[in-house]
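Report on the structure
For reference, the chains in residue letters:
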Amino acid sequence: MRAPVLVLLLLAATAPALADDEDAAALLLADKTTATAEQSQDWRVYVETAARESRRQGAGLALHGGRASIDARFDKTFAPGWRAVFADRLDMNRMDGVSGNRDINTLKEAYLSWQAQPDRVADLGRINARNGVAFGYNPTDYFRAGALRSVVSLDPASLRENRLGSGMLRGQTLWNGGSLTALYSPKLAQQPSDSVFNPDLGATNQRARWQIALSEKLTKTLNPQWLLSGGAGQSPQLGLNLTALPNDATVAYFEWSGGRAVSLAAQALGDRDDAAFRSRLSTGLTYTTPGNVSLTVEYQYNGAGLDRAGWNALRRGPPAAYGLYRGLVANLQDSPTRDNVFLYAVWQDALVKRLDLTAMVRYDAVDHSRLQWLEARYHWTRVDIALQTQLNTGHSGSNYGALPERRLWQALLRYFF
Amino acid sequence: MKFERFIVCALLIASAGVAGAAPSAQAILAASDAIRNPGKPFALTVTLVEYRNGTQVDSNTLTVYSKADANSGQFRSLIRFVAPARDANKLMLKNGNDLWFFDPASKASIRLSPQQRLLGQAANGDVVTVNLAKDYQAQIAAEESVLDGDRQSRRCYKLALAAVSPDVTYHHIEMWLDASNSRPVKARFYTESGQLLKTAYYRRYQPQLGVERPTETVIIDGLDPNWVTVMRFGDYAWRDVPEVWLQRDYLPRFKPE
């Protein structure tokens, strides 16, 4: 009996002497901490199952579906200066009343990297070469065309992650405050493939392409990236990525691409050659509140997309032309109309620890249609559960009103090995 | 190791000026920086364990590579997330207020504002090392005895630190440094309006890279004292960090052995 009394007496004598009792309690808690540092892994593997319910535009019966996925990423330095990267995802979809019930494997990346010196690197293989500082629309992400093979979520983060890289040879040289990257992506196949395990080089390497990227730090905080990209059947496009920090809570960004190009309509319908200098732009701000809610507002301009008159005319015209146009724009991950607004909000540890809320609105300023998406994700150490909902609204034939589903619910369970 | 001890001693002696005079606050702060921060490029592992109301709610492991800027003396750091699995191999670059986050899965390099936190309670600047004497003007506010992180009474200089540069994480800081050896003991961090943001205790001193350094920082939230983060530092090692690594464009390349 004496020992506990002694401890209490000691504690009683010590605690008040601290600046405050809470500090003493915190230090006692720290004394009991036993966590040890974990070791890094070359593999990151997770499995995911999803159940979804959707309703088509114009109401109707609810459609149900399910998906099971396995996603693996391997990144290993296997000899000094040599690195191997492999990333793959298999989606197994089952959906009521949909003919496209199929399994889709996405070979995202598979390449070797050789770093001969700290400032010289060469890569060869399928690489997800991604550019752009904007969130919802990346005009300088030149290798996004044809890269989506399986869309499991419209969250921009998911679209960036779950896509095909392109086969290429890439070299980079770096110096203090800057770098120069050049890549060449040859034509490797004629046609995209629907076959489950096909690497689908026809989707990403249907024509030869190249890109040069130059970064140079101009001041302590200004570090623009210039890009020049081209390929068979297109004029070179110039690109610029720029970020700034107006204050401690705000990041401003500017992404632009421009060059001589035909309009998307001419490209889809092949009915005219209207090549002219066209710009694409995505610029915005991300503001973070003291409570760690990050709010992004972004304006998107697509000079190759249709203006109001052209868009209205296409919607009223032959359905085949409309279908061709939408199909091309979706494949290019571009915008069908000229002006769009994108809102994105992320609240980490929303109300309770480990609960993240993400909301997104895509607003088409030309036809006033909207896509609204919301996700609540709770995570433990190895398990995520998430509930997502999406609502597409707008007039018939509008950017988002024409999407087949009006309302969609999806529940996800993800387990990390 | 001898060199670092020499630096600490030299700073103290230089600050003392004539024999018997009190050392200058700035020199004490610089000496304390030299205790927290190795003098050459280095790497270490940081384990963060977060508690709410006495219950562990989160845990992260990070590897940090740091190198001081030859001109400013301030550290630039590359941070690699090791655990949990969902965050493994994500990266962060901190070069002053130039903060970038990179996710190898999406290849997205995203610029962060200093207010964006990726690690719960800990500000991004908390997990990397900082030379306070470079960013803050110090004054000796008092010489007093305080209880340290091991509940031992310790004679300390209480320094009042005021930010001299706007791009720092905290507007002003109260810091208690052991009067006998300049070891950091405790600090309180404030906003511009004077609100207490957090209290930190530096403890578990162990020999690391030649100097007795604190291997644990206990952070207590200023508004909610039941919100506690324990940061443990281990696996200290000298590491070459080439200048070309410390930029956005190197993030996709960063793959430490």
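Residues numbered from 1 in each chain as written. Chains lettered and ligands numbered in written order. Predicted model: local features only at pLDDT ≥ 70, side-chain atom pairs only at ≥ 80, totals over all residues. Heavy atoms only, no water.

1. Focus on empty space enclosed by the protein
- For the coordinates displayed, the defined rule picks out 6 cavities of 30 Å³ or more.
- Taken as a whole, the largest cavity spans an internal volume of roughly 510 Å³.
- In terms of lining residues, the largest cavity is bounded by 29 residues, among which Arg 130, Asn 131, Arg 170 and Gln 225 of chain A together with Pro 252 of chain B are the most central.
- Those elements giving two or more residues to the lining of the largest cavity turn out to be strand E4 (103-117), strand E5 (120-127), strand E6 (166-175), strand E7 (178-185) and strand E8 (209-216) of chain A.
- At 4 residues, the largest contribution of residues to the lining of the largest cavity is made by E8 of chain A.
- A breakdown of the residues in the lining of the largest cavity according to their chemical character gives 9 nonpolar, 12 polar and 8 charged. (1 Å grid on protein atoms, 1.4 Å probe; cavity = no way out; pocket = protein on both sides within 12 Å on 5 of 7 lines; lining within 4 Å. Points joined across faces, edges and corners; volume = space filled by probe spheres on them. Helix = DSSP H or I, 4+ residues; strand = E, 2+ residues; numbered from the N terminus. Nonpolar A, V, L, I, M, F, W, Y, C, P; charged D, E, K, R; others polar.)

2. Some words on the pattern of salt bridges
- Under the criterion given, the structure shown has 50 salt bridges over all chains.
- Of the charged contacts, one joins Lys 67 of chain B and Glu 243 of chain B as a salt bridge, the two residues approaching to 3.3 Å between their closest N and O atoms. Pair noted here: Lys 67 of chain B is in strand E2 (residues 55-68) and Glu 243 of chain B is in the segment after strand E13 (227-238), with a separation of 176 residues, a long-range link.
- Overall, the relative accessible area of 27% leaves Glu 243 of chain B in the partly exposed class.
- Several salt bridges converge on common partners, so that one network encompasses Glu 48, Arg 67, Asp 71, Arg 89, Asp 91, Lys 108 and Arg 414 of chain A. (Salt bridge = Lys/Arg side-chain N within 4 Å of Asp/Glu carboxyl O. Buried < 20%, exposed > 50% of the residue type's maximum accessible area, 1.4 Å probe, protein only.)

3. Looking at the interface of chain A and chain B
- Counting from both sides, the interface comprises 82 residues of chain A and, opposite them, 67 residues of chain B.
- Summing both sides of the interface, chain A and chain B together bury roughly 6,100 Å²; the carbon and sulfur share of this comes to 49%.
- Taken as a group, Leu 27, Asp 248 and Lys 353 of chain A account for 10% of the area that chain A buries against chain B, more than any other trio of residues on that side.
- Scanning the region where chain A abuts chain B turns up 33 residue pairs in polar contact (both at pLDDT 80 or more). (Contact = heavy atoms within 4.5 Å. Buried area = accessible area lost by both parts, 1.4 Å probe. Polar contact = N/O pair within 3.5 Å; in protein donor to acceptor, adjacent residues only side chain to side chain.)

4. Thoughts on the nonpolar core
Residues and elements named next belong to chain B.
- Membership of the largest hydrophobic core comes to 20 residues, with the highest contact counts inside it found for Leu 44 and Val 46.
- Counting residues per element, the ones that place at least two in this core are strand E1 (42-52), E2, strand E3 (75-83), strand E5 (98-103) and E13.
- Residue contributions to this core peak at 4 residues, all from E1.
- Grouped together as the second largest cluster of nonpolar side chains are 18 residues, Ile 28, Tyr 136, Leu 159 and Met 175 included. (Core = buried A, V, L, I, M, F, W, Y, C linked by side-chain atoms within 4.5 Å.)

5. Regarding a nonpolar patch on the surface
Residues and elements named next belong to chain A.
- Taken together, the side chains of Leu 180, Ile 212, Leu 214, Trp 226, Leu 228 and Leu 238 present a nonpolar region at the surface, about 470 Å² in accessible area.
- Elements supplying a minimum of two residues to the nonpolar patch: E8 and strand E9 (225-231).
- With respect to the element layout, Leu 180 can be found in strand E7.
- Under the relative-accessibility criterion, Leu 180 is labelled partly exposed at 36%. (Patch = residues over 30% accessible without salt bridge, like charges linked within 9 Å, V, L, I, M, F, W, Y side chains within 5 Å. Areas by Shrake-Rupley, 256 points an atom, 1.4 Å probe, with all protein chains shown as cover.)

6. Things to note about the packing of aromatic side chains
- The full count for this structure, using the stated rule, is 17 aromatic pairs over all chains.
- Ring plane angle 80° and centroid distance 6.1 Å describe the contact between Phe 42 of chain B and Phe 75 of chain B, whose orientation is recorded as edge-to-face. With Phe 42 of chain B in strand E1 and Phe 75 of chain B in strand E3, this pair connects stretches of sequence that are 33 residues apart. Both residues of the pair, Phe 42 of chain B and Phe 75 of chain B, belong to the buried class.
- Three or more aromatic residues joined by ring pairs make a cluster, and in this case those are Phe 135, Tyr 253, Phe 342 and Tyr 344 of chain A.
- Directly above the aromatic system of Tyr 205 of chain B lies the positively charged group of Arg 183 of chain B, at a separation of 4.4 Å from the ring centroid.
- One Lys or Arg, Lys 186 of chain B, reaches over the ring of Trp 176 of chain B and ends 4.7 Å from the middle of that ring. (Phe/Tyr/Trp six-rings, centres within 6.5 Å; stacked < 30°, edge-to-face > 60°. Lys NZ or Arg CZ within 6 Å of the ring centre and 35° of its normal.)

7. Some points on the confidence of the model for chain A
- Residues of chain A with pLDDT of at least 70 account for 94%, and the chain-wide mean is 92.
- Low pLDDT (under 50) marks residues 1-18 of chain A, which in the prediction has 11 contacts with non-local residues, meaning those over four places away or in another chain. (pLDDT = per-residue confidence, 0-100.)

8. A few points about the environment of Gly 81 of chain A
Residue and element names in this part refer to chain A.
- Here Gly 81 shows up in the loop between strand E2 (62-79) and strand E3 (82-95).
- A relative accessible area of 23% places Gly 81 in the partly exposed class.
- For the pair Gly 81 and Lys 353, spaced 272 residues apart in the sequence, the C-alpha separation amounts to 40 Å.
- Residues contacting Gly 81, with those up to four places away along its chain left out, are Ser 113, Trp 114 and Gln 115.

9. Focus: the confidence of the model for chain B
Residues and elements named next belong to chain B.
- Mean pLDDT over chain B stands at 87; residues scoring 70 or higher make up 88%.
- The low-confidence segment residues 1-20 (pLDDT under 50) makes 21 contacts with residues lying over four places distant or belonging to another chain.
- Under the prediction, the complex receives an ipTM of 0.89, its pTM being 0.90.

10. Regarding the side chain of Asn 399 of chain A
- Mapped onto the fold, Asn 399 of chain A is located in the loop between strand E17 (383-393) and strand E18 (405-416).
- Taking the relative accessible area as the measure of exposure, Asn 399 of chain A reaches 5% and is therefore buried.

11. A closer look at the packing of helix H6 (residues 308-316) of chain A against helix H7 (residues 319-332) of chain A
All names here are of chain A.
- Packing of H6 against H7 leaves a shortest axis separation of 7 Å and a crossing angle of 125°. It follows from the interaxial angle that H6 and H7 lie oblique. Along the contact surface, H6 presents Trp 311, Leu 314 and Arg 315, while H7 presents Ala 321, Tyr 322, Tyr 325 and Arg 326. (Axes fitted to C-alpha atoms, helices over the stretch in contact; angles between N-to-C directions. Parallel < 35°, antiparallel > 145°, perpendicular 65-115°, else oblique.)

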